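# Coordinates in review
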Amino acid sequence: MAVLSIAVGICVANIYYNQPILSEIAKDMHLQEKQVGNLPVLSQLGYGLGLLLLTPLGDKVERRKLIILLQSLLIAALSAITFIHHLAGLYVLSFVIGFLSVAAQVLMPMAAVLARKEKGKVVGIVFTGMLVGILGARVFSGYIAEWFSWRHVYGISAGMVLVTTGMVAFILPRVEPTYQGNYLSLLSSTVLQFKRFALLRRLSFLIAFAFGLFCSFWTTLTFHLSLPPFNYHSDTIGLFGLVGIAGALIAPVFGRLADQYNPARNQLFTVGFLIVSILLIHLFPYSLVAFIVATLLLDVGQQATQVTNFAQIYTLDETANSRINTMFMTIAFIGGAIGTWIGVKCWTMGGWNLVGWQLLLWACIAMAIAVWGYKESIKKL
């Protein structure tokens, strides 16, 4: 579990390094905010496509070999971006890094397979590693970019991925594949999982809106905090990731609750955290205290919602965990990419005020889906 948690966190962090250092990249390469604002979108789109095309292979190919291959290619892409000096190359490599970082989503179902019981608890522990990676990425990249350069962020990351690749190769056990068909039938079977399970469809749409809100907030936060009255540099902006990490430590609690109680009821509370957090930053846009409290509530709400979802979908069909996870996470990251894109557009059109309104809309839609799910769960009792 420790190796899985560390490997997942270091791998997935690569998608989020660019968020607090967008201003640094823009200055170094003489670009506009709207141009570098596309980098998180491309990383998330690459991750979403990788989820759809690569992660189903976790059911067909021996997982450890697949993880080693993906991470080896990721090391090459991370090394290449440190030498890039033009926008087109930056766009392509941001997409490729996202595409190959899906190794994290081959590791996640592996945790569910290795857990014979208490899947919610075990998945919660590994998912905490992922969340610490996501949020710690902002702290790490902010400081490295401020004291060295944004290129050093990716160079150091390549070294960390190399270390975790060795850990995976020598410590993780073999997990034999469960699917015997060809690749095209595997992709077809992956899409079929979405049709098979109504619960999977509902939870996928719920996390799409929750994650869209999450990504929109973190991308636009960089622009907002770099302006008056804050005037923060990338290292200070990255420190907000520490607040999120504190929230990440709560995630396993909700995994255990999902094992013991009605998870649909839990989601009413977790999505409620999202709404309260957005109201805080919308009503008090220039209050540091409001942003700290809101960041904590936002990350607790997002992470708890995600862990509760994972605990449910991994009980649907253990022989199809990778394919089920693929559909769930593909839709989640499509939501994240759309949320990031809309957030950047709202920032350029109406500043933080318009950003706040669209964040509140995403949160209210997520709550409507959570209420629908709770009513469906009551009918089954």
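The coordinates are above.
Residues numbered from 1 in each chain as written. Predicted model: local features only at pLDDT ≥ 70, side-chain atom pairs only at ≥ 80, totals over all residues. Heavy atoms only, no water.

The number of helices and strands found in the protein is 17 helices and zero strands. Rg of the C-alpha trace for the protein: 19 Å, near the compact-globule value of 21 Å for 381 residues, within the 12% margin. Taking the principal axes of its C-alpha atoms as reference, the protein extends roughly 55 × 45 × 35 Å. Relative to its full complement of 381 residues, the protein shows a buried share of 61%. Considering only intrachain contacts with a sequence separation of at least 6, the fraction spanning at least 24 residues in the protein is 83%. Distance between charge centroids for the protein: 9 Å, based on 24 positive and 14 negative side chains. (Helix = DSSP H or I, 4+ residues; strand = E, 2+ residues; numbered from the N terminus. Rg over C-alpha atoms; globule rule 2.2 N^0.38 Å. Buried < 20%, exposed > 50% of the residue type's maximum accessible area, 1.4 Å probe, protein only. Contact = heavy atoms within 4.5 Å. Lys, Arg positive; Asp, Glu negative; His and termini not counted. Charge placed at Lys NZ, Arg CZ, Asp CG, Glu CD.)

A few words now on the nonpolar core. The biggest cluster of nonpolar side chains holds 117 residues, and the ones touching the most others in it are Leu90, Trp150 and Phe310. Residue contributions to this core peak at 19 residues, all from helix H17 (residues 321-380). Each residue touching Phe310, except ones within four places of it in the same chain, is listed here: Met108, Val123, Phe127, Asn325, Phe328 and Met329. (Core = buried A, V, L, I, M, F, W, Y, C linked by side-chain atoms within 4.5 Å.)

Applying the stated criterion across every chain, the model contains four salt bridges. Asp59 is the partner of Arg63 in a salt bridge, and the nearest nitrogen-oxygen pair spans 3.3 Å. We classify Arg63 as buried; its relative accessible area is 3%. The salt bridge involving Asp317 is made with Arg196; its shortest N-O contact spans 3.0 Å. Of this pair, Asp317 sits in the loop between helix H16 (288-313) and H17 while Arg196 sits in helix H10 (residues 183-196), placing them 121 residues apart in sequence. Accessibility expressed as a relative area gives 18% for Asp317, which makes it buried. The class for Arg196 is partly exposed, based on a relative accessible area of 42%. Overlapping salt bridges bring together Asp59, Arg63 and Arg323 as one network. (Salt bridge = Lys/Arg side-chain N within 4 Å of Asp/Glu carboxyl O.)

Now for the packing of aromatic side chains. Counted by the stated rule, this structure contains 14 aromatic pairs. Arranged with centres 6.2 Å apart and planes meeting at 80 degrees, the rings of Trp150 and Tyr154 form a pair that is edge-to-face. With Trp150 and Tyr154 both in helix H9 (residues 150-171), this residue pair falls four residues apart, about one helical turn. With relative accessibility at 3%, the residue Trp150 sits in the buried group. With centroids separated by 5.9 Å and ring planes inclined at 15 degrees, the aromatic side chains of Phe211 and Phe214 adopt a geometry described as stacked. (Phe/Tyr/Trp six-rings, centres within 6.5 Å; stacked < 30°, edge-to-face > 60°.)

Mapped onto the elements, Gln306 comes out in helix H16. With relative accessibility at 4%, the residue Gln306 sits in the buried group.

At their nearest, the axes of H10 and helix H11 (residues 198-225) sit 5 Å apart, and the two run at 95 degrees to each other. As summarised for this structure, H10 and H11 are arranged roughly perpendicular, according to the angle between their axes. Of the residues in H11, those touching H10 at Gln193, Phe194, Lys195 and Arg196 are Ala198, Leu200, Arg201, Ser204 and Phe205. (Axes fitted to C-alpha atoms, helices over the stretch in contact; angles between N-to-C directions. Parallel < 35°, antiparallel > 145°, perpendicular 65-115°, else oblique.)

On to helix H1 (residues 2-12). Summarising burial for H1: nine of the eleven residues are buried, a large majority. Along H1, the residues classified as buried are Val3, Leu4, Ser5, Ala7, Val8, Gly9, Ile10, Cys11 and Val12.

Moving on, we come to the environment of Gln105. Structurally, Gln105 is set in helix H7 (residues 103-114). The sequence separation of Gln105 and Ser322 amounts to 217 residues, and the corresponding C-alpha distance is 8.1 Å. In this view, Gln105 contacts Tyr47, Leu51, Thr55, Met130, Asn325 and Met329; residues no more than four positions away in its chain are not counted.

Below, the discussion takes up the side chain of Thr82. Its location among the elements puts Thr82 in the loop between helix H5 (63-81) and helix H6 (87-100). In terms of polar contacts, Thr82 uses its side chain to reach the backbone carbonyl oxygen of Ser79, at 2.5 Å. Dropping the residues within four chain positions of it, Thr82 is found in contact with Arg151, Tyr154 and Gly155. (Polar contact = N/O pair within 3.5 Å; in protein donor to acceptor, adjacent residues only side chain to side chain.)

A separate point is the state of the cysteines. Under the definition given, this model contains zero disulfides. Looking at Cys11, it has no disulfide partner, and the nearest cysteine sulfur is the one in Cys215, 16 Å off. Summary of cysteine pairing: Cys346 is not part of a disulfide, and the nearest cysteine sulfur, belonging to Cys215, is at 15 Å. (Disulfide = S-S within 2.5 Å.)

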